[in-house]
Amino acid sequence: MSEGVARRSGDRYEDPGGVEPREAARSRPAKDSGARETPKSSKSSKSRKKYRYLRLLPEALVRLGGFRKRKKAKSSVSKKPGELDDSLEQSCGLGCLVSRCCECCNNIRCFMVFYCILVLCQGVVLGLTDVSIGNIQREYSLKTFEKLALELSYDISSGLAVIFIAFYGDRKKVIWFVASAFFIGLGSLLCAVLFINEENNKSKVGIEDICTETKVVSGCQSSDASLQLKYLYFITLGQTMQGIAGVPLYILGTTFIDENVATHSVGIYVGIAEFTSIIGYGMGYAIGAPLVEVPEDSTSATNTAGTNGSTEWLWTWRIRFLSATLVAWFTLIPLSCFPHNMPGSTRIQAAKRKRLHLFDSKLKDLQVGTSIKDLCAVLWILMKNPVLICLALSKAAEILLIIGAAEFLPIYLENQFMLTHPVATILAELVLIPGGALGQLLGGVIVYTLEMSRKDLMRFIMATSVVSLILLMLTTFVSCNPVQFAGINEDYDGEGQLRNLTAPCNEKCRCSSSVYSSICGRDDIEYFSPCFAGCTYSKALTREKTYYNCACIKYGLITVDQEGDVIDARSGKCDAKCYKLPLFIAFIFSMLVYSGFSGVPIVLTITRIVPVKLRSLALGVCYVVLRIFGTIPGPSIFKMLGENACIFRDVNECGHTGRCWIHNKTKIAYLLVGI
């Protein structure tokens, strides 16, 4: 026993209090153990020489795996329980190349700079990809399987890979960050293939929006199935890579921040990362939307090969995706220079272990292996944690709220406040993206400022959820009186039928519902297009387009233009004479902000109720629950509910059912609140 104490006392990390000094031990008479201790003393002298030799090697060589393992094994044997092992902390460098000049960047703040750049870049790529997927769905008649492959490939791939990456990647997080940067860039290139090699030669039906009996309508050309299939493969593969690349960012990135930041400061770092992700998606959507947007008030639906298929248009798309690729790959080298354990992380993790509150105290000293059997065992432990499952379901409910609001808010604004589709879409984006981003950021700031405990975080989550629900219910009281719409809720002054745009006054005009270009007649009735109003010619004035000689408009205030012609209708929707839109926007924006408050606290609570070694896996379980109950079924459910609220739908000359032009605003309001 005394020999063991003497060997441990020689370690340089030992607290000298209560242990005999090394010189005194050497000066003690050997008694009868001299022959027995001579070999051991020679071995210890050899080990000391070997250790001094290793310390004389360049620090770059010490960073190599073999030396690090032996050093780690030596320190683990000589450590007393409760002592800190700072030898695990590493220097900044690229592989075995260590530079002293980059040590000033070996901290969590510099890491956050490149980490947020990568998160922002993936958000931009996802926004651009969603725009391109929406454009494909408008241009082609896709099968159900093709639509699901385009929409769900990101969620399914990330949901399948998250458990394995969270379990096995937790030990080498930096390597996975580098792999994530590479896959984000490669996925961006694959998604850009749609706009690099081919031009969009799909023909649309040429339809004039005015009434004429001798109208020439071009034929309907079916799309090339092999072309669609090729696009489907590339975009699905690109989305799959983005899904796999997102797992290290949002799972391992969160735990990496937690390991290198003090307990109460984690919230603001995670909030900044979530804020950056949402802003990146908004940037990508805002950059890509103008390139595929079809003007709402165009006089005809013409062939797109002369516009979207032009070289200039293609190069514009190339620059967007290629720029995202270059930015993602720019972070490869900086991220690879960061160590797996930053300076000071050992003391931070030791302090957090003392404050850990586990659901089951038996898990405090849990040892986790690397086999599949160990993975299944710890998964079962996490699944039996009711607090973790409830938090995961709460996170899924938050995501469902965002998905439902993104699906119904533009429709509700368009039908309730009589806005055009582009204006309603832009306004919804200006509310959804800043509201969600600001909620995540402020949630992290509040947690950081108040230094909330585990129980305080749960109370905060429940309180913000109740407030967001109250604000959402208040939006039902903000409504406007409906505007008369010919053929929808008005029957052409008794000459037509409801739910039928065709009436005796326009039956010879050969109108089509494929072009939605609403006009407001002088009778304060809205018409689907100038053709359905029976207008025979138009003029383009300074600020708006006016229509004349409209057979379906027979009464109303008479106004004349500069040439003395009576103006029967003007382009755009009729004025609803409703001024409640700012109040509605205030309620919705506040609801989104309060809903976002709970995002960061949910993540922090999960990291505080599970063992340190299972934090990444616990976030992975939450991620899977979020995908199963949130992002995968959410869009399909809300789209199906939105279809039930449709009043009038486009059926083009090719016989394909298009988008819903007009919705029942009462049903949409109930659906918006029922989220």
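- As named in an unreviewed UniProt entry, the protein chain is Solute carrier organic anion transporter family member, taken from Piliocolobus tephrosceles.
- Turning to the protein chain, the UniProt record has this under Sequence similarities (unreviewed entry): "Belongs to the organo anion transporter (TC 2.A.60) family."

Describing the overall build of the protein chain
Okay, step 1: The helix and strand tally for the protein chain stands at 22 helices and 11 strands.
Okay, step 2: A total accessible area of about 33,400 Å² is found for the protein chain, and carbon and sulfur atoms account for 62% of it.

A short note on the sheet that holds strand 6 (residues 545-548)
Okay, step 1: If you walk across this open sheet you meet the 5 strands as 4-3-9-6-5, and the pairing is antiparallel. Of all the strands in the sheet, the pair left with one neighbour each is strand 4 (526-527) and strand 5 (537-540).
Okay, step 2: Bridge count between strand 3 (residues 519-521) and strand 9 (residues 569-571): 3 bridges; the pairing is antiparallel. Bridge pairing in strand 9 places C520 opposite R570.

Examining helix 17 (residues 454-474)
Okay, step 1: With 21 residues, helix 17 should reach 30 Å at 1.5 Å per residue; the first-to-last C-alpha distance of 31 Å fits that figure.
Okay, step 2: What helix 17 keeps buried is the set L457, F460, I461, T464, S468, L471 and L472. The arc enclosing the buried residues of helix 17, seen along the axis, measures out at 105°, which places them on a common side. Turned more than 90 degrees from where helix 17 packs its buried face, K455, R459 and M462 sit exposed.

Quick notes on the state of the cysteines
Okay, step 1: This model, assessed by the stated rule, comprises 6 disulfides.
Okay, step 2: Here C480 engages in a disulfide with C578; their sulfurs sit 1.6 Å apart. In this structure, the disulfide formed by C480 and C578 twists by about -60° around the S-S bond and is classed as left-handed. Taken together, the positions of C480 in the loop between helix 17 and strand 3 and C578 in the loop between strand 9 and helix 18 (581-597) put the pair 98 residues apart, joining distant regions of the chain.
Okay, step 3: For C520, the disulfide goes to C574, at an S-S distance of 2.0 Å.

Points about the confidence of the model for the protein chain
Okay, step 1: Here the protein chain averages 75 in pLDDT, and 71% of its residues register 70 or above.
Okay, step 2: Residue range residues 196-208 is modelled with pLDDT below 50. Its contacts to residues more than four positions away, or to other chains, number 46 contacts.
Okay, step 3: This stretch, residues 294-309, has a pLDDT under 50; its non-local contacts, to residues over four places away or in other chains, come to 39 contacts.

What about the packing of helix 18 against helix 19 (residues 599-608)?
Okay, step 1: At a closest axis distance of 4 Å, the pairing of helix 18 and helix 19 adopts a crossing angle of 10°. It follows from the interaxial angle that helix 18 and helix 19 lie roughly parallel. Of helix 19, the residues touching helix 18 (which contributes S595, G596 and F597) are G599, V600 and P601.
Okay, step 2: Partitioned by chemical class, the residues of the contact of helix 18 with helix 19 number 3 nonpolar, 3 polar and no charged.

Re the pairing of strand 6
Okay, step 1: Here strand 6 shows a buried face lined by K545 and Y547 and a second buried face lined by T546 and Y548.
Okay, step 2: Relative to strand 6, strand 5 runs antiparallel, the two sharing 4 bridges. Directly across from A540, in strand 6, lies its bridge partner K545.
Okay, step 3: Relative to strand 9, strand 6 runs antiparallel, the two being bridged by 2 bridges. Paired with T546 across the two strands is R570, which belongs to strand 9.

Considerations on the packing of helix 15 (residues 386-416) against helix 21 (residues 633-644)
Okay, step 1: Between helix 15 and helix 21, whose axes approach to 10 Å, the crossing angle comes to 40°. Here helix 15 runs over helix 21; the crossing is right-handed. Facing helix 15, whose interface residues are L400, I403, G404, E407 and F408, helix 21 presents G634, P635, F638, K639, L641 and G642.

Considerations on the side chain of K173
Okay, step 1: For K173, the position within the fold is in helix 8 (residues 173-192).
Okay, step 2: A polar side-chain atom of K173 sits 2.7 Å from the main-chain carbonyl oxygen of D170.
Okay, step 3: Beyond its immediate stretch of four places on either side in the chain, K173 contacts L252, T255, F256, E259, H340 and S616.

Looking at the side chain of R627
Okay, step 1: Residue position: R627 is located in helix 20 (residues 615-631).
Okay, step 2: The class of R627 is buried, set by a relative accessible area of 7%.
Okay, step 3: Of the polar contacts made by the side chain of R627, one reaches the side chain of S158; its length is 3.2 Å.
Okay, step 4: Among all residues touching R627, those that are not within four sequence positions of it are Y154, D155, S158, G159, I632 and P633.

So, the packing of aromatic side chains
Okay, step 1: Tallying each qualifying case throughout the model produces 23 aromatic pairs.
Okay, step 2: Look at Y412 and F417: their rings are 6.4 Å apart centre to centre, the planes differ by 75°, and that puts the pair in the edge-to-face class.
Okay, step 3: Over the face of the ring belonging to F167 we find R171, whose NZ or CZ atom lies 5.5 Å from the ring centre.

Things to note about the pattern of salt bridges
Okay, step 1: Summed over the entire model, instances satisfying the criterion amount to 13 salt bridges.
Okay, step 2: Taking the shortest distance from any N to any O, the salt bridge between K539 and D561 comes out at 3.0 Å. Pair noted here: K539 is in strand 5 and D561 is in the loop between strand 7 (559-560) and strand 8 (566-567), with a separation of 22 residues, a long-range link. Assigned by exposure class, K539 and D561 land together as buried.
Okay, step 3: Between K539 and E563 there is a salt bridge, with its nearest N and O atoms 2.5 Å apart. With a gap of 24 residues between them, K539 in strand 5 and E563 in the loop between strand 7 and strand 8 connect regions that are remote in the sequence.
Okay, step 4: Judged by its relative accessible area of 61%, E563 falls in the exposed class.

Things to note about the nonpolar core
Okay, step 1: Ranked by size, the top nonpolar core spans 68 residues in total, and within it I108, F111, Y115, L382, I606 and L617 carry the most contacts.
Okay, step 2: Once residues within four sequence positions are removed from consideration, L382 is found in contact with L388, V610, L614, L617, A618 and V621.

Considering helix 14 (residues 372-383)
For an α-helix the count is 3.6 residues per turn, leaving residues at separations of three or four pointing the same way.
Okay, step 1: With 12 residues, helix 14 extends 16 Å from end C-alpha to end C-alpha; this agrees with the ideal 16 Å at 1.5 Å per step.
Okay, step 2: All of the buried residues along helix 14 are L375, V378 and L382. Axial view of helix 14: buried residues confined to an arc of 75°, hence all on one face. Exposed residues on helix 14 whose side chains face more than 90 degrees from its buried face are K373 and W380.
Okay, step 3: In this fold, the buried residues of helix 14 make contact with helix 7 (144-168), helix 15 and helix 20.

A word on unusual backbone geometry
Okay, step 1: Phi at M418 is positive, roughly 55°, even though this residue is not glycine.
Okay, step 2: Mapped onto the elements, M418 comes out in the loop between helix 15 and helix 16 (421-450).
Okay, step 3: According to the relative accessible area criterion, M418 is buried, its value standing at 15%.
Okay, step 4: Here the phi dihedral of D493 falls at roughly 55°; this positive angle occurs in a residue that is not glycine.
Okay, step 5: Counting through the fold element by element, D493 comes out in the loop between helix 17 and strand 3.

Scoring rules and cut-offs
- Residues numbered from 1 in each chain as written.
- Predicted model: local features only at pLDDT ≥ 70, side-chain atom pairs only at ≥ 80, totals over all residues.
- Heavy atoms only, no water.
- UniProt positions renumbered as here; feature names shortened; annotations may be inferred.
- Helix = DSSP H or I, 4+ residues; strand = E, 2+ residues; numbered from the N terminus.
- Areas by Shrake-Rupley, 256 points an atom, 1.4 Å probe, with all protein chains shown as cover.
- Pairing = 2+ DSSP bridges.
- Expected span 1.5 Å × (residues − 1).
- Buried < 20%, exposed > 50% of the residue type's maximum accessible area, 1.4 Å probe, protein only.
- Arc of directions from axis to C-beta.
- Disulfide = S-S within 2.5 Å.
- pLDDT = per-residue confidence, 0-100.
- Contact = heavy atoms within 4.5 Å.
- Axes fitted to C-alpha atoms, helices over the stretch in contact; angles between N-to-C directions.
- Parallel < 35°, antiparallel > 145°, perpendicular 65-115°, else oblique.
- Nonpolar A, V, L, I, M, F, W, Y, C, P; charged D, E, K, R; others polar.
- Left-handed = near helix turned anticlockwise from the far one by under 90°.
- Polar contact = N/O pair within 3.5 Å; in protein donor to acceptor, adjacent residues only side chain to side chain.
- Phe/Tyr/Trp six-rings, centres within 6.5 Å; stacked < 30°, edge-to-face > 60°.
- Lys NZ or Arg CZ within 6 Å of the ring centre and 35° of its normal.
- Salt bridge = Lys/Arg side-chain N within 4 Å of Asp/Glu carboxyl O.
- Core = buried A, V, L, I, M, F, W, Y, C linked by side-chain atoms within 4.5 Å.

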